[in-house]
Amino acid sequence: MEAPAAPHSPADLELTVTSPDQMRELGRRLAKLLRAGDLVMLSGELGAGKTTLARGLGEGLGVRGAVTSPTFVIARVHPSLGDGPPLVHVDAYRLGGGLDEMEDLDLDVSLPESVIVVEWGEGKVEELTDERLQVRIHRAVGDTTDEVRHVTVTGLGERWGTVDLSVLAA
């Protein structure tokens, strides 16, 4: 007999996404929940859809410039086209250490007035804030034709304890 699964906190949500368009739409819906000072950590295998989700976030936040993988520049700032916060899109894939290596990016300075989205940030940016949104994207490894992704969204800290993430499943 298996032990029952641990209950999820109210700030947990699991979704199934079946196409890149749906991943982008998830990013657009998620953007409606975000405000300046929010940190979003995206994790998942190569090709899981992290940048596609970030592109949707950028569209939903109404920022300037195409949101593309910042792998070779590490971070890219997308100013708001309206009165919303800028989006700081970080790809920490090439960074080995913790927050020390990322200090040159001044993310702690940018965080209060921006939405910061970090791909590959686990073990590297948690020290920025206890209040963050973790988005884990799981896909079938090895089968590159399978577009199905299992997305787990976890809100951490007081900020996310009262946010109804179920609106993302709409």
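Our subject is the structure listed above.
Source: prediction; values computed, not measured. (Residues numbered from 1 in each chain as written. Predicted model: local features only at pLDDT ≥ 70, side-chain atom pairs only at ≥ 80, totals over all residues. Heavy atoms only, no water.)

To continue, consider helix α2 (residues 50-61). With 12 residues, α2 extends 16 Å between its outermost C-alpha atoms, agreeing within 8% with the 16 Å of an ideal straight helix rising 1.5 Å per residue. Most of α2 sits inside the fold, with nine of its 12 residues counted as buried. Three or more residues of α2 are buried, namely Lys50, Thr51, Thr52, Leu53, Ala54, Gly56, Leu57, Gly58 and Leu61. On its buried side, α2 packs onto α1 (20-31), β2 (39-44), β4 (87-91), β5 (115-119) and β6 (132-139). Residue glycine 62 follows α2 closely and has a positive phi angle near 70°. (Helix = DSSP H or I, 4+ residues; strand = E, 2+ residues; numbered from the N terminus. Expected span 1.5 Å × (residues − 1). Buried < 20%, exposed > 50% of the residue type's maximum accessible area, 1.4 Å probe, protein only. Contact = heavy atoms within 4.5 Å.)

Following the sequence through the fold, alanine 31 ends up in helix α1. Residues alanine 31 and leucine 61 lie 30 residues apart in sequence; the distance between their C-alpha atoms is 5.6 Å.

Strand order in this open sheet of seven strands is β1-β7-β6-β2-β5-β4-β3, and the pairing throughout is mixed. In this open sheet, the two edge strands, each paired with only one partner strand, are β1 (12-17) and β3 (75-78). On average, each strand axis in the sheet is inclined to that of its neighbour by 15°, with strand direction left out of account. Pairing of β2 with β5, which is carried by four bridges, proceeds in the parallel orientation. Opposite leucine 39, over in β5, you have isoleucine 116 as the bridge partner. Its contacts with the sheet place α2 against β2, β4, β5 and β6, and it is angled at close to 170° to β5. (Pairing = 2+ DSSP bridges. Axes fitted to C-alpha atoms, helices over the stretch in contact; angles between N-to-C directions.)

Considering the arrangement of structural elements, one finds proline 79 in the loop between β3 and β4. Spatially, the C-alpha atom of proline 79 lies 5.5 Å from that of valine 63, the residues being 16 residues apart in sequence. Filtering out sequence-adjacent residues up to four positions away, proline 79 remains in contact with Val63, Arg64 and Pro86.

With 12 residues, α1 ought to run about 16 Å at 1.5 Å a step, and its terminal C-alpha atoms sit 17 Å apart, in line with that. Residues Met23, Leu26, Gly27, Arg29, Leu30 and Ala31 constitute the buried set of α1. Of the surrounding elements, those touching the buried residues of α1 are β1, α2, β6 and β7 (149-156).

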